[in-house]
Amino acid sequence: MSTKEKVALVTGGSKGLGKSIAQNLAASGVTVIINYYRDQEAADAVVQTIRQNGGQAFAIQADVTNEEEVDRLVGEAEQQAGRPVNIVVNNATGPQPEYSLEEVTWEDYLDQLLFTTKAPLLLTKAVIPSMKVEKWGRIINIGSEVVELGNAHFSNYVTAKSAVVGMTRSWASELGEHGITVNAVHPGFTPVERHGEVSDETKASYLSDVPLKRMGEPHDIANAVRFLSSEDASFITGQNISVNGGKTF
Ligand SMILES: NC(=O)c1ccc[n+]([C@@H]2O[C@H](COP(=O)([O-])OP(=O)(O)OC[C@H]3O[C@@H](n4cnc5c(N)ncnc54)[C@H](OP(=O)(O)O)[C@@H]3O)[C@@H](O)[C@H]2O)c1
């Protein structure tokens, strides 16, 4: 598959890690579909930056937790790009509230599973027919280091992100014979717009057991995603890769 033939769909590409992933993939020559939910202005700005740098990008609004919208998204993506989507980055996330076990409800668990399992499942089911025809595809799920850390008062999010580990392995086993690789990237705490100004105290506390002694930056995550989507990663599948300066092993 030549780079020119590659079309990546990045969910939640309007800001945060998704924005960096979209820009990084576009810089490597891949056509990128930036999916967003509410913030059209932010998504349009990402498209504009990519185009100004000579890349190809389109923004498409859709709620990735809704089956009809996912089908429309994948159809529109193919129309805009002129080719089927062959790289999917399941990155979108909603709010991530922290609750004690006394406070948390089953609905709070389901709210997180909508993003970590439902949306990736809907998207993957929508793109695999054309990936199988092309005998080439990349599915990259964005997990989190919380799976290893098991943070207290966050079981809704930790549980939902843990599902990404097994889901990635199972899909890799099933899709490998079709030339489709499935991997997960698990970021560490990587400050983005939604975190605002992170205090020095918070950073110092987080970094105390990070061997590389610095906070992650969005491009750290984006570099790993770009590698996994490239030909250089064609013999890597079913893997869960931590990108967190070594905080977890
Ligand atoms: N940043 C970190 O420290 C960190 C650490 C570990 C893991 N992660 C994981 O990395 C991923 C990205 O996180 P982030 O911090 O970059 O998030 P973020 O800045 O909050 O961005 C979330 C993105 O998801 C989109 N979105 C929200 N609801 C959506 C829906 N229903 N359908 C489609 N898109 C939707 C948003 O679009 P609009 O803005 O247009 O509404 C936005 O583009 C997530 O999976 C997160 O769990 C992040």
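Per-chain numbering applies: the sequence of each chain, read as written, is numbered from 1 onward. Totals for whole chains, interfaces and linings use all residues, but because this is a predicted model, local features are given only for residues with pLDDT of at least 70 and pairs of side-chain atoms are given and counted only at 80 or more. Water and hydrogen atoms play no part in the side-chain values, which are based on all heavy atoms of the structure.

- As recorded in an unreviewed UniProt entry, the protein chain goes by the name 3-oxoacyl-ACP reductase, listed as coming from Halobacillus faecis.
- Quoted verbatim from the Sequence similarities (unreviewed entry) heading of the UniProt record, the comment on the protein chain is "Belongs to the short-chain dehydrogenases/reductases (SDR) family."
- Under the UniProt heading Subunit (unreviewed entry), the entry covering the protein chain gives this text: "Homotetramer." UniProt positions are given in the numbering used here, feature names are shortened, and annotations may be inferred rather than shown by experiment.

**Re the site of the ligand**
Here's step 1: The full set close to the ligand counts 31 residues, and Ser14, Lys15, Leu17, Tyr157 and Arg194 are the nearest of them.
Here's step 2: Definition of a polar contact: a pair of N or O atoms within 3.5 Å, with one able to donate and the other able to accept a hydrogen when the atoms are protein atoms, and with sequence-neighbouring residues admitted only if both atoms are side-chain atoms. At a separation of 3.4 Å, a nitrogen atom of the ligand approaches a polar backbone atom of alanine 62.
Here's step 3: Lysine 161 places a polar side-chain atom, nitrogen or oxygen, 2.9 Å from an oxygen atom of the ligand.
Here's step 4: Contributions of two or more residues to the shell around the ligand are made by α1 (16-27), β2 (31-36) and α6 (155-175). Note on definitions. A residue lies near a molecule or strand when any single heavy atom of the residue is within 4 Å of it. Numbering of helices and strands runs from the N terminus, with a helix taken as a DSSP run of H or I at least four residues long and a strand as a DSSP run of E at least two residues long.

**Focus: unusual backbone geometry**
Here's step 1: Even without a glycine there, the phi angle at lysine 135 is positive, about 55°.
Here's step 2: Within the element layout of this structure, lysine 135 appears in the loop between α4 (106-134) and β5 (137-142).
Here's step 3: In this structure, lysine 213 takes a positive phi of about 55° despite not being glycine.
Here's step 4: Considering the arrangement of structural elements, one finds lysine 213 in the loop between α7 (200-207) and α8 (218-229).

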